[in-house]
Amino acid sequence: MTEQPVLAVEGLRKTFGDHAAVDDVSFAVPPGGSLAIVGESGSGKTTTARMLVGLERPSAGRVLVDGADRTAPPRGRTARLARARAIQMVFQDPYLSLDPRVTVADAVEEPLRLHFDLDPAARRARRDELLDRVGLGEREAAALPRRLSGGQRQRVALARALAVEPRALVLDEATSALDVSIQAQIVELLRDLRASLGVAYVFVSHDLSLVRHVADDLLVLRRGRTVEAGRAAAVLDGPRHPYTRLLLDSVPRPGWDPARIAADRRALD
Amino acid sequence: MPGTTGETLLEIDDLTVRLASGAARPVLDGVSLRVARGESVGLVGESGSGKSVTSRAALGLLPAGATATGTVRVAGDDVLAMPPARLRELRRREAAMVFQDPRASINPVRRVGDFVTEGLRAGGTPARAARKTAEELLEAVGIPDPRRALRRFPHEFSGGMLQRVMIAGALAGGPRLLLADEPTTALDVTTQAEVISILTRLQAERGTGLLFVTHDLDLAAAVCDRIYVMYAGRIVEEQTADGLFARPRHPYTAGLLAATPRMGSAEPPRGVPGRPVSLAENPEGCAFAARCRLAAPECAAERPTLRPVDGVSVACLRAEEPIHD
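From a predicted model like this one, the values you see are computed outputs, not experimental measurements.

**Considering helix H4 (residues 120–133) of chain A**
One turn of the α-helix equals 3.6 residues, which is why residues spaced by three or four share an orientation. Residue and element names in this part refer to chain A. In a regular helix each residue adds 1.5 Å, so 14 residues correspond to 20 Å; H4 covers 20 Å between its end C-alpha atoms and thus fits that length. Among the residues of H4, Arg-123, Arg-126, Arg-127, Leu-130 and Leu-131 are the ones counted as buried. The arc that holds every buried residue of H4, seen down its axis, measures 135°, which confines them to one face. On the buried face of H4, the contacting elements are helix H3 (104–115), helix H5 (138–141) and helix H6 (150–162). A distance of 3.1 Å separates the backbone nitrogen of Ala-121 from a side-chain oxygen at the start of H4, and that oxygen is part of Asp-119.

**Notes on the sheet that holds strand S6 (residues 95–98) of chain B**
All names here are of chain B. Taken together, eight strands build an open sheet; the order of strands is S6-S7-S8-S3-S9-S10-S12-S11 and the sheet is mixed. A strand with exactly one partner marks an edge of an open sheet, and here the two such strands are S6 and strand S11 (307–309). For this sheet, the mean inter-axis angle between neighbouring strands, taken without regard to orientation, is 20°. Bridge analysis of S11 against strand S12 (residues 312–314) gives three bridges, and the strand direction is antiparallel. Bridged to Pro-308 within S12 is Ser-313. With respect to the sheet, helix H2 (residues 84–94) is in contact with S6 and strand S7 (177–181), its orientation differing from that of S6 by roughly 70°.

**Regarding the domain arrangement of chain A**
Interfaces are often described in size by the accessible area the parts lose on coming together. Residue and element names in this part refer to chain A. Its domain assignment divides chain A into domain 1 (7–238) and domain 2 (239–269). Of note, the centres of domain 1 and domain 2, computed from C-alpha atoms alone, are 29 Å apart. In this complex, domain 1 contributes 15 residues to the contact, which on the side of domain 2 involves ten residues. Regarding the contact of domain 1 and domain 2, the summed buried area is about 1,100 Å², with carbon and sulfur atoms giving 61% of it. When the buried surface of domain 1 facing domain 2 is broken down by residue, Leu-208, Arg-222 and Glu-228 rank first, second and third, together holding 42% of it. Remark: the boundary between domain 1 and domain 2 carries zero salt bridges. Where domain 1 packs against domain 2, one counts five residue pairs in polar contact (both at pLDDT 80 or more). For the side of domain 1 that touches domain 2, the secondary structure elements donating two or more residues are helix H8 (208–214), strand S9 (217–222), strand S10 (225–231) and helix H9 (232–237).

**Concerning the interface of chain A and chain B**
At the interface, 35 residues of chain A touch 37 residues of chain B. Both faces considered, chain A and chain B share a buried interface measuring about 3,000 Å² in area, 60% of it formed by carbon and sulfur atoms. The interface formed by chain A and chain B includes two salt bridges. Salt-bridge contacts for Glu-194 of chain B lead to Arg-266 of chain A; the nearest nitrogen and oxygen are separated by 2.7 Å. Counting residues per element, the side of chain A that touches chain B draws most heavily on helix H7 (residues 180–197) of chain A, at nine residues. For the side of chain A that touches chain B, the residue count by class is 18 nonpolar, nine polar and eight charged.

**Things to note about the pairing of strand S1 (residues 7–16) of chain A**
Residue and element names in this part refer to chain A. Pairing of S1 with strand S2 (residues 19–29) involves eight bridges; the strand directions are antiparallel. Bridge assignment links Arg-13 to a residue of S2, and that residue is Asp-23. Between S1 and S2, which pair antiparallel and follow one another directly, the connecting turn spans two residues, one of which, Gly-17, has a positive phi of 65°. As defined by bridge partners, S1 adjoins strand S4 (residues 60–65) across five bridges and the pair is classed as antiparallel. In the sheet register, Ala-8 faces S4, and the bridge partner there is Leu-64.

**Re the packing of helix H11 (residues 258–268) of chain A against helix H8 (residues 189–206) of chain B**
Relative orientation of the contacting elements H11 of chain A and H8 of chain B amounts to 125°, with a least axis distance of 8 Å. Viewed along their axes, H11 of chain A and H8 of chain B adopt a mutual orientation that is oblique. Remark: the crossing between H11 of chain A and H8 of chain B carries left-handed chirality. In this structure, H11 of chain A contributes Pro-258, Ala-259, Ile-261, Ala-262, Arg-265 and Arg-266 of chain A to the contact, and H8 of chain B contributes Thr-190, Thr-191, Ala-193, Glu-194, Ile-196 and Ser-197 of chain B. Residue composition of the contact of H11 of chain A with H8 of chain B, by class: six nonpolar, three polar and three charged.

Basis of the calculations
Residues numbered from 1 in each chain as written. Chains lettered and ligands numbered in written order. Predicted model: local features only at pLDDT ≥ 70, side-chain atom pairs only at ≥ 80, totals over all residues. Heavy atoms only, no water. Helix = DSSP H or I, 4+ residues; strand = E, 2+ residues; numbered from the N terminus. Expected span 1.5 Å × (residues − 1). Buried < 20%, exposed > 50% of the residue type's maximum accessible area, 1.4 Å probe, protein only. Arc of directions from axis to C-beta. Contact = heavy atoms within 4.5 Å. Polar contact = N/O pair within 3.5 Å; in protein donor to acceptor, adjacent residues only side chain to side chain. Pairing = 2+ DSSP bridges. Axes fitted to C-alpha atoms, helices over the stretch in contact; angles between N-to-C directions. Domains from an automatic or database assignment. Buried area = accessible area lost by both parts, 1.4 Å probe. Salt bridge = Lys/Arg side-chain N within 4 Å of Asp/Glu carboxyl O. Nonpolar A, V, L, I, M, F, W, Y, C, P; charged D, E, K, R; others polar. Parallel < 35°, antiparallel > 145°, perpendicular 65-115°, else oblique. Left-handed = near helix turned anticlockwise from the far one by under 90°.

Structural data, given as structure tokens:
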């Protein structure tokens, strides 16, 4: 790999009091790549995601975007905008991350107005193009968020994030609140968007069964530390660490044996 | 095999529930289902399908102001016709519910012991005997040091431990019917396995009938003998868990299976196009027709009823035709 990663973290650490929420985590995401960060509650996956976009300041370690150090929170408008141009974040709950008083069209135009010098006609054209990319039409554009279903709202959140043409998207449990039939639609959309736009993903999730379908690489976190990392298919097919194995075994399927999993879990503590 | 010949514990017949506010369609529309002694029955559906409303109806809990027609019988007695005192006794002794979120369902300012013994005490069990039963139950669900745990408060427990407390509370009255509404959805996967193993072990030991409500088809298949699939307030399919996976008969069931991501397969999940029917819509024919890739013109006009096809119950006009690839 000689290509410069679009996103890299080195020795990332975050402590709250004397508790290390994230402890010496390192990874790199190549341009157009996709890394899944998987863990249970308390694994530090969300704290890691928040440090990537500058919502938390790391206690130690570095965050590099296209080789440039972005560890410190941006100061001033120009630096903030530059950072937002590079990485965008999509949150779990589309019911909370959209302003209920702003129509879908205005919500998507807002980042365009902020980041680009477009005349109104060009801005509207770009807005419609973005909405079309995520599968929303004129009817949804005119609607307020509450008129939309969960899946449609998540599409709006994606259109907004993509408006600035970011190099990478951080998706924090972005499909977890959705029904299965809708989640699969969004997964399909994410695959399409990555293939057509070349945007890189950091896909933060508790759901191992999704990983293979959205990510090339996988990082398993437990209590703030990396327990296993590698190509997603390789880790899923041949987990090395007992914790990764436990996580994989825990996913319900026919012939599933919860009593054995419970015993394995106790053995690990 | 338990369930096939056992006595019926829960018997819902043609239950229709309408909300007080002007929804276009009923939340439940002619739902019928059965749970026998010792049987684990899954009730699977997505948000708005009516699965939670159905399970709550078994305890006589209906949405505020809702009207219901049809019958709900627990051990032969009609729940919807019960006077309040009898209903309380039913919830104390015969049927109990494990809710999704233990933090929202267990009073945070009272001790865990109060929660577990509440039903017993209200039913007249002396304090000492109730405490002893509670200790045994906490032991059975794997809470360390049960005697001390009884004196602790809910915030001192993790989510998984508190869900075990809820299971202990639900089992305290010795119910013959256990209703579990997404009991592990709020938990981590490894914790889910532990809670499920406790729930199914106790259910098997006690011969309790279990109605397991979930959005997760794979989890339902791992836990249940038989599964009902709901869509837009109706049961669209009912068959054995194995049969459902091997040969789903309703296109919605097939769609759900295809949409479920599989860890061991490179085949990506396929979404079901469109979105679920909201309460403001009341399509004339099959509620799934608008999203169904097999829909024929008659599907939008005629409402399919649940009917037997090759030993499976399915509500689809085209159920005889093979639907999966």
